[in-house]
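# Descriptive analysis of the structure
This is what each chain is made of:
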Amino acid sequence: MSNSLPEKLTDCLNYCGEILKQNNIEDARLNAELMLCEVLRFSRIDMYRNYDKQLSDQEITIIKEYLDRRILREPLQYIIGRTSFYGLEFIVNKNVLIPRPETELLVEKLLKDIKESGKKKISVFEIGSGTGCISIAL
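Anyway, here's the lowdown on the structure attached to this text. Remember, it's a predicted structure, so these values are computed and weren't measured experimentally.

Turning our eyes to something else, we now look at the overall build of the protein. When helices and strands are counted, the protein shows seven helices and two strands. In the protein, the order of α-helices and β-strands from amino to carboxyl end is α-α-α-α-α-β-β-α-α. Taking 14 Å as the expected radius of gyration for a compact globule of 138 residues, we find that the protein reaches 19 Å, considerably beyond that expectation. For the protein, the spread of C-alpha atoms along the principal axes amounts to about 60 × 30 × 25 Å. Scored against the burial criterion, the 138 residues of the protein give a buried share of 33%.

Shown next as structure tokens:
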């Protein structure tokens, strides 16, 4: 990877997306968008509204770090430090498993079973819970 990133937001986004694509990162463009949004503290729509923004040296440094980590196949969720699960946001790091979308199906099934049981009070035990996303979602 080149040591210099474009300073204009839209150019940097395109560059990062292309670098990730060349390194066979799935959903390269989306990964680039989410990394830049995290660094800039923008929503995706705000990023496109500010497409001509000039990036600061500090922002470029952080984006380079994120890009290098992603090229090395570090999960995007660990890089940005959070993930969504069942409409909720959870903090994650290398010490916690990233909740998988399939686990949301487990939550839906449990909620359905609880509702169908007619019970008004239940107990849920989640051992070794990591983020605690199942218990919290329930």
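Most often, soluble globular proteins keep nonpolar side chains buried together rather than apart. One finds C12, C16, L20, L36, L55, I63 and L67 to be the most contacted residues of the largest nonpolar core, which totals 25 residues. When contributions to this core are tallied by element, the ones reaching two or more residues are helix 1 (9–22), helix 2 (28–40), helix 4 (57–71) and helix 5 (76–80). With seven residues, the top contributor of residues to this core is helix 2. When near neighbours in sequence (up to four residues on either side) are disregarded, L36 contacts L9, C12, L13, C16, M47 and I63. Of all hydrophobic cores here, the second largest spans six residues; its members include F85, F90, V107 and C133.

Our next topic: helix 2. With 13 residues, helix 2 extends 18 Å between its outermost C-alpha atoms, agreeing within 8% with the 18 Å of an ideal straight helix rising 1.5 Å per residue. Burial of helix 2 is extensive: 10 of the 13 residues sit out of reach of the surface. Packed against the buried residues of helix 2 are helix 1, helix 3 (44–49), helix 4, helix 5 and strand 1 (82–85). One or two steps after helix 2, the chain reaches R41, where phi turns positive at roughly 60°.

Next up on the list: the side chain of R70. Looking at the secondary structure, you find R70 in helix 4. Buried charge without a salt bridge: R70, with E26 as the nearest opposite-charge side chain at an N-O distance of 7.5 Å. Setting aside chain neighbours within four positions, we find R70 in contact with L20, I25, N31, M35, P75, L76 and I79.

Below, the discussion takes up the pattern of salt bridges. Scanning all chains against the criterion turns up 12 salt bridges. Note that E33 and R44 form a salt bridge whose closest N and O atoms lie 2.6 Å from each other. Placement of E33 in helix 2 and of R44 in helix 3 is noted, with a sequence separation of 11 residues between them. Accessibility expressed as a relative area gives 42% for R44, which makes it partly exposed. Across the pair R100 and E102 runs a salt bridge, and its minimum N-O distance is 3.3 Å. Owing to a relative accessible area of 52%, R100 belongs among the exposed residues under this scheme. Residue E102 is classed as partly exposed on the basis of its relative accessible area, which comes to 45%. What you see here is one network of salt bridges that share partners, running through E38, R41, R82 and E89.

Cut-offs used in this document
- Residues numbered from 1 in each chain as written.
- Predicted model: local features only at pLDDT ≥ 70, side-chain atom pairs only at ≥ 80, totals over all residues.
- Heavy atoms only, no water.
- Helix = DSSP H or I, 4+ residues; strand = E, 2+ residues; numbered from the N terminus.
- Rg over C-alpha atoms; globule rule 2.2 N^0.38 Å.
- Buried < 20%, exposed > 50% of the residue type's maximum accessible area, 1.4 Å probe, protein only.
- Core = buried A, V, L, I, M, F, W, Y, C linked by side-chain atoms within 4.5 Å.
- Contact = heavy atoms within 4.5 Å.
- Expected span 1.5 Å × (residues − 1).
- Lys, Arg positive; Asp, Glu negative; His and termini not counted.
- Salt bridge = Lys/Arg side-chain N within 4 Å of Asp/Glu carboxyl O.

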